[in-house]
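# Per-entry structural report
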Amino acid sequence: MITVRSPGRVNIIGEHTDYALGYVMPMAIQLGTTFTAEPSLDGRTCIFSEAMKEELCFGDELVREGKWIDYVKGVYYAIRSRGLRYMHVSGRLSGDLPMSSGLSSSASLEMAIAVAQNELARLGLSRLDLARLGVTAENEFLGIPSGILDQFAAVMGKEGRAVFTDTETLNYEYVPVPEDVEFLVFHTGIRRAVAGTEYSDRVKVVKSALRALGVSSSKYVREEQLSRLNELQRKRLGYVIRENSRVLAVRDALRSGDVVTAGKILTEAHWDLARNYEVSVPELDFFVEFATSHGAYGARLTGAGFGGAAIALVDRGKGEQLGREAEEEYVRRFPHRPQHWVVTPAEGARVIDVRP
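Please read all numbers here as calculations on a predicted model, not as lab measurements. (Residues numbered from 1 in each chain as written. Predicted model: local features only at pLDDT ≥ 70, side-chain atom pairs only at ≥ 80, totals over all residues. Heavy atoms only, no water.)

## A short note on the pairing of strand β8 (residues 181–187)
In terms of burial, β8 is a largely internal element, seven of the seven residues being buried. Neither face of β8 is open: one carries Val181, Phe183, Val185 and His187, the other Glu182, Leu184 and Phe186, and all of them are buried. Both β8 and strand β10 (residues 309–315) contribute to a ladder of seven bridges, which runs antiparallel. Note that in β10 the partner of His187 across the bridge is Ala309. (Buried < 20%, exposed > 50% of the residue type's maximum accessible area, 1.4 Å probe, protein only. Helix = DSSP H or I, 4+ residues; strand = E, 2+ residues; numbered from the N terminus. Pairing = 2+ DSSP bridges.)

## Quick word on the environment of Ala28
Summarising the element assignment, Ala28 is placed in strand β2 (residues 23–39). Each residue touching Ala28, except ones within four places of it in the same chain, is listed here: Pro7, Gly8, Arg9, Ala153, Gly157, Thr344, Pro345, Ala346 and Glu347. (Contact = heavy atoms within 4.5 Å.)

## Overview of the state of the cysteines
Considering all chains together, one arrives at one disulfide under this definition. What pairs with Cys46 in a disulfide is Cys57, and their sulfur atoms sit 2.1 Å apart. Where Cys46 bonds to Cys57 through sulfur, the torsion about that S-S bond is close to 115°, and the disulfide is right-handed. Taken together, the residues Cys46 in strand β3 (residues 45–49) and Cys57 in strand β4 (residues 54–58) connect sequence positions eleven residues apart. For Cys46, a relative accessible area of 10% puts it in the buried group. Since its relative accessible area comes to 26%, Cys57 is described here as partly exposed. (Disulfide = S-S within 2.5 Å.)

## Let's talk about the nonpolar core
When a protein is soluble and globular, its nonpolar side chains tend to lie buried together. Phe35, Ile47, Val72, Tyr76, Ile113 and Leu130 are the most contacted members of the largest nonpolar core, which totals 45 residues. With eight residues, the single largest contributor to this core is helix α2 (residues 105–120). Sequence-distant contacts of Leu130, defined by excluding residues within four places in its chain, comprise Met111, Ala114, Val115, Asn118, Leu125 and Val155. Listed in part, the 41 residues of the second largest apolar core include Ala299, Ala312, Leu322 and Phe334. (Core = buried A, V, L, I, M, F, W, Y, C linked by side-chain atoms within 4.5 Å.)

## Quick word on the pairing of strand β9 (residues 298–302)
Counting buried residues along β9, five of its five residues qualify, which places the element largely inside the surrounding structure. Sheet analysis places β9 next to β10, joined by five bridges and oriented antiparallel. Residue pairing for β10: Thr302 is matched across the bridge by Ala309.

## Some thoughts on the packing of α2 against helix α4 (residues 149–156)
Between two packed helices, the angle of one axis relative to the other and the distance separating the axes together describe the packing. Put simply, α2 and α4 touch, their axes get as near as 9 Å, and they point 55° apart. In terms of their interaxial angle, α2 and α4 are classed as oblique. As for the relative orientation of α2 and α4, their crossing is right-handed in sense. Contact residues: Ala107, Glu110 and Met111 in α2; Asp150, Gln151, Ala154 and Val155 in α4. (Axes fitted to C-alpha atoms, helices over the stretch in contact; angles between N-to-C directions. Parallel < 35°, antiparallel > 145°, perpendicular 65-115°, else oblique. Left-handed = near helix turned anticlockwise from the far one by under 90°.)

Structure representation (structure tokens):
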């Protein structure tokens, strides 16, 4: 029997750039998924989810059910598509990572399953290979046109570090997060579905813009080239180009410990996302305004948007109080139940226990 711990992630900067093969800088967080598994004796996989309070089972016929178990099946599908053999298991899912909150509970689950299979079925896959399994699961099995950001963060995370990544080459470097700051995550209480049409529409527009310009990556697009595109393409890809520049700027600011500059750029990114990528909602905008007017260095939505969560960069020890104050004001204005967490950079998905 093995136990795997797979983290969630916060994307510090670089939103909606991964499917445009741009730059991202996420970090794995201490909130995550725990998966305990052992080989099955009946040729089926059966997994109990504590969060969903149900056990679901399946055999070798991998068919989508529209339930959480599809993420498990998707990883199995990705393993099989590489000519490898997965092992059916009996398992249990638990953890402290909230679902549909913008902290990538889906990628956390996928990487928990992938790491467990890599160990039990002796697949011999690298950490990058594991991340790619998750992308295949989402793109080909689940029909979600996502990039590699979430899975990459979940397996490549490092304590005390963010992971600056070029999503075209997958070259990466660890960037220290100063010890005197922390990130507050504020969940709006609005559950979102990444597979929804709004997300897919953003992907289609950006990819069509890149094709129109004859380039594969948004890194190669200059501002003056946007005049060749239609109005919507200019608006969407223009945001992506600016966001790529912001990722580089925040990386450099964190390297030098300049949290003031980093914070200002985070806030700038949020309003660009809200006005030009149109993925924010009033509840996320509220938190950004509240946090930046109550001592945060900067704040922005994190994840795909359309609800979910936002983050604020604050002095260490200040996040919990700011989170409580934000919740108190939030419930006066909105009919949702918010939550907040203070998060720090954590290790990526890994086996934490092995027992006979």
